[in-house]
Amino acid sequence: MSNDVEIRQSLPADIHLIEQLYPDAFPDEDLLPLVRELLREDQHVLSLVANLDRTLAGHIIFTRCGVDGRTDQLALLGPLAVAPNMQRRGIGSALVREGLQQLRAEGILQVCVLGDPAYYGRFRFAPEYGVMPPYPLPEAWRTAWQSICLLDGQPALQGTLSVPPPWRHEALWAP
Ligand SMILES: CC(C)(COP(=O)(O)OP(=O)(O)OC[C@H]1O[C@@H](n2cnc3c(N)ncnc32)[C@H](O)[C@@H]1OP(=O)(O)O)[C@@H](O)C(=O)NCCC(=O)NCCS
């Protein structure tokens, strides 16, 4: 990866470029309503941008969620986007790893994601069975629901993930 990649928390001034990034990275899916809503949820989200050579190259959001009556233990990863002409340079991986490190430092125990196991497996995400997504997933997506534990030796979390309003749209959890 280029040494010129800078990862930092997003700023209000980044929103214009973030809004250009998502349609490029997801040409068949409109994630902008979700992204805009999440970026308004300051207290719930960790939003990181990657700048390569001073150009916005990638963005990731982690949403702090609840489970089993607790609100300080778990986060949901997504969305994650890297500009098509800057993919396969380690930028997506750097965003995931930096986010996991920051969440671990603040005491988050576990991070869930609904995504391609072929990609998230490289960070040691594995199928999650104890924490259930807020809406039932189709069987074909079962292995796409994954998580990673950030602290060893913790009892497994159990229950249904309680998400803030931007994630309470069933369509986000269905094909
Ligand atoms: C997925 C995505 C974020 C990866 O970002 P990136 O900066 O290219 O990722 P990295 O450079 O860190 O890793 C690239 C590696 O991941 C692999 N990869 C990328 N997308 C993958 C996928 N969906 N499934 C499996 N592997 C994938 C690449 O083949 C590459 O493998 P290699 O290192 O063996 O060559 C980026 O491709 C993207 O924005 N895609 C479109 C949007 C998307 O699918 N987002 C993820 C939503 S869950």
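Refer to the structure presented above.
Residues numbered from 1 in each chain as written. Predicted model: local features only at pLDDT ≥ 70, side-chain atom pairs only at ≥ 80, totals over all residues. Heavy atoms only, no water.

Some details on the nonpolar core
Formed by 55 residues in total, the largest nonpolar core has its most connected members in Leu76, Leu77, Ile91, Val111 and Phe125. Looking at this core, the elements that each hand over two or more residues are helix H1 (15-25), helix H2 (32-39), strand S2 (45-52), strand S3 (55-67), strand S4 (70-82), helix H3 (91-105), strand S5 (110-114) and strand S8 (145-149). Aside from chain neighbours lying at most four places away, what touches Leu76 is Ile61, Phe62, Thr63, Cys65, Cys112, Val113, Trp145, Leu161, Val163, Trp167 and Trp173. (Core = buried A, V, L, I, M, F, W, Y, C linked by side-chain atoms within 4.5 Å. Buried < 20%, exposed > 50% of the residue type's maximum accessible area, 1.4 Å probe, protein only. Helix = DSSP H or I, 4+ residues; strand = E, 2+ residues; numbered from the N terminus. Contact = heavy atoms within 4.5 Å.)

A closer look at the packing of H1 against H2
The geometry of H1 relative to H2 is characterised by a closest axis approach of 10 Å and an angle of 150° between their N-to-C directions. By the angle between their axes, H1 is roughly antiparallel relative to H2. As for how H1 packs across H2, the hand of that crossing is right-handed. When H1 is examined against H2, the residues Ile15, Ile18, Glu19, Tyr22 and Pro23 are found in contact with a partner set consisting of Leu32, Val35, Arg36 and Leu39. (Axes fitted to C-alpha atoms, helices over the stretch in contact; angles between N-to-C directions. Parallel < 35°, antiparallel > 145°, perpendicular 65-115°, else oblique. Left-handed = near helix turned anticlockwise from the far one by under 90°.)

Notes on the site of the ligand
Around the ligand sit 17 residues, and of these Val82, Arg88, Gly90, Gly92 and Ser93 come closest. In this structure, a nitrogen atom belonging to the ligand sits 2.9 Å away from a main-chain N or O atom of Leu80. A distance of 3.4 Å is found between an oxygen atom of the ligand and a side-chain nitrogen or oxygen belonging to Arg122. Surface burial for the ligand is 68%, taken as the share of its 880 Å² of free accessible area covered by protein chains. Those elements giving two or more residues to the shell around the ligand turn out to be S4, H3 and helix H4 (117-120). (Near = heavy atom within 4 Å. Polar contact = N/O pair within 3.5 Å; in protein donor to acceptor, adjacent residues only side chain to side chain. Areas by Shrake-Rupley, 256 points an atom, 1.4 Å probe, with all protein chains shown as cover.)

Examining the side chain of Ser147
Assignment of secondary structure puts Ser147 in strand S8. The contact partners of Ser147, leaving out residues within four places of it in the chain, are Gln110, Val111, Cys112, Arg124, Phe125, Ala126 and Glu128.

Some thoughts on the pairing of S2
Extensive coverage of S2 is indicated by the burial of eight of its eight residues. Where burial is concerned, the two faces of S2 agree: the one with Val45, Ser47, Val49 and Asn51 and the one with Leu46, Leu48, Ala50 and Leu52 are both buried. Sheet topology note: the strand S1 (residues 5-9)/S2 ladder contains five bridges and is antiparallel. The partner of Gln9 across the bridge, within S2, is Leu48. Taken together, the eight bridges between S2 and S3 define a ladder with antiparallel strand orientation. Within S3, the position partnered with Val49 by the bridge is His59. If you look at the hairpin formed by S2 and S3, you'll find two residues sitting between the two strands, and Asp53 has a positive phi there, around 50°. (Pairing = 2+ DSSP bridges.)

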